[in-house]
Amino acid sequence: MSGDRIRGAFIGLAVGDAAGWPAARHRAALHAPWSRRLHRELDAFAEEHRVTTLPVPFALNQPVAPLRTGPSDDAEWLAWTALTIDRPRAEAFRELQDVRARISVVTALDNLAEGVEPPASGHDNPHHFDDAAAVRAVAYGALGRDPTPDAQVTNAGDGVLGALAMAAAIAQAVATGEVGGAVEAALAVLPEDTAIGHNARLALKAARKAGDAFGAVPALDAALLDHVYSYGVGAAQTVPAALALAEAAGGELSGAVAAAACLAPLADSAPALTGALAGACGGYEAIPEGWTASARTLAGCCLPDLAGRDLIELLEGIA
Amino acid sequence: MTSLRDRARGCLLGLAAGDALGAPAENLTPEEIRRRWGRLTEIEGGGTDDTEYAVFAASMLVRHGHALSAADVADAYRTEIIPSVTGPMRGAGFSELGTIEALRRGLQPPLTGLVHAHGWSDGLAMRAAPYGVFCPGDPAEAARLVEQDGLVSGSGEGILGGRAVAAAVAAAMGGATPPDVVRAALSAVPADSWTARNVVRACDTLGWSPLTGAAEDEVVEALHRAVVVRHYPWTDLAPEAVALALAAFLAGDGEVEASVTFGVSLGRDADTIGAIAGAVAGASRGERGVPSRWAARIGPVTGKCLPVVAGRHVLDVADELAEGL
């Protein structure tokens, strides 16, 4: 049974990753650079001409497959984590070449290249607070391992706490299938006097008051987002949103992920983290078949070596 | 013998001059700065948020003295800053508006500085000088006091950046040599911090000695390699700005014009780097150390970033701070 829930965590993350609007932007990285330049020019055109007809990623003279619904950065980084989980972490990161990744990871790779070792590689880092490690921690939680050494390569503070919380929640969900216990396990590792600990409790309260996941979206926006900063991948926002929405949906993936995808600023990763948690609660078999079919094949938009890899096959022998 | 009042005036005048000189160079590359100006030595326009927030910090110190607490600072934000933020908050960085949003939600410090993503902003470092002026020769007390301010709007390395600058100014107010000023900054932050690692790396790049003219472009490049984060679009990182500013102070051997113009030539958050280098050098050399042609360009602040300080002149603020010393 727990094998099904481990697969549920991985595929649930990939489904959530595919459901958020930024997935198509990441997958468009597989297109020629000039096609994305045209996208940027169309954005400027819309601005200049005051037309509300906004451009979407498009394939002009390019293969259309990357723009079909499918997983992007988070699913690839999770797969890479599962494949390298037995390796010393700094060593595994150092071998990465020509990858696309969050600011925390790219800066950590620079730090490692300069001889700045973990935990300084994740600490001397402007995006130490982002959720790159929280995404990777889904693998650690599913396999019942400590995510800390991995998290400290790229993150610090709330970024590491987010990884601890995700690993704890996923481990509990894989063990019991109960979302309530999973949320409690996450809260137990999030001190109240940290931003992520404060926000997690605030988000759960807001979502409980709203009563259901979709109904909680505006309340979560009001409680978690100050709309001041330029990037929406802060662990102190995305992990609390995932905990609150998974719980509000009773651990059911469809309701939880759909709601998370509606939090536009967080849509790069909150749906993925939400999907991982709900997927671990309900298991692989409970995920809608159409979504599984669309989300299980990796595109290679961040880690080119993983292009075409099947997440379920990749888990054979691991889960 | 330079009096404390003279050093206080030099410090805040140096801060305002560095801020104004660096403003047009903010976010430009060193190459672009060289292309436009060669060496940028003449103030073109007014100062920015650095000067106005420093004036605001000084006013809190004059009111509360060494008893200043984070709660006092939060109260000052609520009563003197927030009421005038009815539309755009001009000249503010992420950390200031993030803090105001947190205060509007009813949060108290330190959560107000923790819940936004820009805890490491150099917003505290840019306004830390008055705390050093207030604690001449006592870097530890200057660092303790500036942290009260920082707990409202910053966290982690942002607070450490403020501590380092306040401590450096306190040491300069006490007449320390440039290398000892930098050591005082380091004494105020943990050795195991981004700020300490960057300050050491930057000063090691200079061999802890003044720049002697030759191959300046290469030194600029080496300093960038030592501390600049390459893959991040924002430049207001305290560990970076503080390290570059203290390196500039060291490079200029504590002399105001040399320190500030070299600091501004580094680009990145050039106005804040100029303001910090100017404040530390000004405290070292006193009012007469600030070029008179720069001093002539510094008038009362306009309040374009903080309406509550409109009309205040940094020299009057310095006199008020010095009165209690």
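Per chain, the residues get numbers from 1 upward, laid out in the order the sequence is written. Chains carry letters from A onward and ligands carry numbers from 1 onward, assigned in written order. Owing to the predicted nature of the model, reporting of local features is limited to residues with pLDDT of at least 70; listing and counting of side-chain atom pairs is limited to 80 or more, with chain, interface and lining totals taken over all residues.

**Student:** Just to check I follow, could you spell out the overall build of chain A for this structure?
**Tutor:** A helix here means a DSSP run of H or I that spans at least four residues, while a strand means a run of E at least two residues long, and both kinds are numbered starting from the N terminus. A tally of helices and strands in chain A yields 18 helices and zero strands. Computed over its C-alpha atoms, the radius of gyration of chain A comes to 18 Å, within 12% of the 20 Å expected for a compact globule of 319 residues. In terms of its C-alpha atoms, chain A occupies a principal-axis envelope of roughly 50 × 45 × 40 Å. Across the 319 residues that make up chain A, the buried fraction comes to 57%. Computation of the radius of gyration draws on C-alpha atoms, with the globule rule given as 2.2 Å multiplied by the number of residues to the power 0.38. Labels follow a simple rule on C-beta atoms placed from the backbone: if 20 or more others lie within 10 Å of a residue's own, it is buried; if 12 or fewer, it is exposed; otherwise it is partly exposed.

**Student:** Just to check I follow, could you spell out the overall build of chain B for this structure?
**Tutor:** Assigned secondary structure in chain B consists of 18 helices and zero strands. Considered along the principal axes of its C-alpha atoms, chain B spans approximately 55 × 45 × 40 Å. When the 325 residues of chain B are sorted by exposure, 62% land in the buried category. Contact between residues is assigned whenever the C-beta positions, reconstructed from backbone atoms, fall within 7 Å. Contacts spanning at least 24 positions in sequence make up 76% of the contacts within chain B whose residues lie at least 6 apart.

**Student:** Honestly, the interface of chain B and chain A in this entry has me stumped. Any pointers?
**Tutor:** Interfaces are often sized by the accessible area lost when the parts come together. Taken together, the contact pairs 19 residues of chain B with 17 residues of chain A. Contributing elements (two or more residues each) for the side of chain B that touches chain A: helix H5 (94–104), helix H6 (111–114) and helix H12 (194–205) of chain B. Sorting elements by how many residues they give to the side of chain B that touches chain A places H5(B) first, with four residues. Throughout, the ten residues Ala, Val, Leu, Ile, Met, Phe, Trp, Tyr, Cys and Pro are labelled nonpolar, Asp, Glu, Lys and Arg are labelled charged, and all others, Gly among them, are labelled polar. Its residues assigned to classes, the side of chain B that touches chain A comprises 11 nonpolar, five polar and three charged.

**Student:** Before we go on, may I ask you to explain H5(B) in this structure?
**Tutor:** Note that an α-helix has 3.6 residues per turn; residues three or four places apart therefore point the same way. All names here are of chain B. With eight of its 11 residues buried, H5 lies for the most part within the structure. The complete set of buried residues in H5 reads Ser95, Glu96, Leu97, Gly98, Thr99, Ile100, Ala102 and Leu103. Where H5 is buried, its residues meet helix H4 (70–81), H6, helix H7 (123–126), helix H9 (139–153) and helix H10 (157–173). Count one or two residues on from H5 and you reach glycine 106, which has phi positive near 90 degrees.

**Student:** Mind showing me how you'd approach the nonpolar core here?
**Tutor:** Nonpolar side chains in soluble globular proteins generally cluster together in the buried interior. The biggest cluster of nonpolar side chains holds 234 residues, and the ones touching the most others in it are Ile170(A), Leu245(A), Ala168(B), Val169(B) and Leu246(B). Counting residues per element, this core draws most heavily on helix H10 (residues 158–176) of chain A, which supplies 13 residues. Each nonpolar core reported here comprises buried Ala, Val, Leu, Ile, Met, Phe, Trp, Tyr and Cys residues connected via C-beta atoms within 7 Å.

**Student:** Looking at this structure, how should I read the environment of His128(A)?
**Tutor:** All names here are of chain A. Checked against the element boundaries, histidine 128 lands in the loop between helix H7 (120–123) and helix H8 (132–142). Owing to 30 C-beta atoms within 10 Å, histidine 128 belongs among the buried residues under this scheme. Contact partners of histidine 128, with chain neighbours within four places excluded, come to Ser104, Gly122, His123, Asn155, Ala156, Gly157 and Gly159.

**Student:** When you look at the environment of His26(A) in this model, what are you seeing that I'm missing?
**Tutor:** Residues and elements named next belong to chain A. Inspection of the secondary structure puts histidine 26 in helix H2 (residues 22–27). Of the residues examined, histidine 26 has 22 C-beta atoms within 10 Å and is grouped as buried. Along the backbone, histidine 26 and aspartate 268 are 242 residues apart, and their C-alpha atoms lie at a distance of 9.5 Å.

**Student:** Help me understand helix H15 (residues 253–261) of chain A in this model?
**Tutor:** All of the buried residues in H15(A) are Leu253(A), Ala256(A), Val257(A), Ala259(A), Ala260(A) and Ala261(A). As for H15(A), its buried residues are in contact with helix H1 (2–19), helix H13 (217–224), helix H14 (235–248) and helix H16 (270–282) of chain A.

**Student:** What is the right way to read the confidence of the model for chain B from this model?
**Tutor:** Parts of the model with low pLDDT should not have their predicted coordinates read in detail. Per-residue confidence from the predictor is reported as pLDDT, which spans 0 to 100. The predicted model of chain B has a mean per-residue pLDDT of 96, with 100% of residues at 70 or higher. Across the interface, the model reports ipTM at 0.95; the global pTM reads 0.97.

**Student:** Could you clarify how one ought to interpret the packing of helix H11 (residues 179–188) of chain A against H14(A) in this entry?
**Tutor:** The relative placement of two packed helices comes down to the angle between their axes together with the axis-to-axis distance. Residues and elements named next belong to chain A. It is the contact of H11 with H14, at a shortest axis distance of 9 Å, that shows an interaxial angle of 160 degrees. With respect to their mutual orientation, H11 and H14 come out roughly antiparallel. Of the two elements, H11 crosses H14, and the hand of that crossing is left-handed. Contact residues: H11 offers Val179, Gly180, Val183 and Ala186, while H14 offers Leu243, Ala246 and Glu247. Grouping the amino acids of the contact of H11 with H14 by side-chain chemistry returns five nonpolar, one polar and one charged. Every axis in this analysis is a line fitted to C-alpha atoms, fitted for helices over the stretch in contact. Angles between the N-to-C directions lie between 0 and 180 degrees. When an angle is under 35 degrees it counts as roughly parallel; over 145 it counts as roughly antiparallel; between 65 and 115 it counts as roughly perpendicular; any other value is oblique. Note on convention: near helix rotated counterclockwise from far helix by under a right angle means a left-handed crossing. Clockwise means right-handed.

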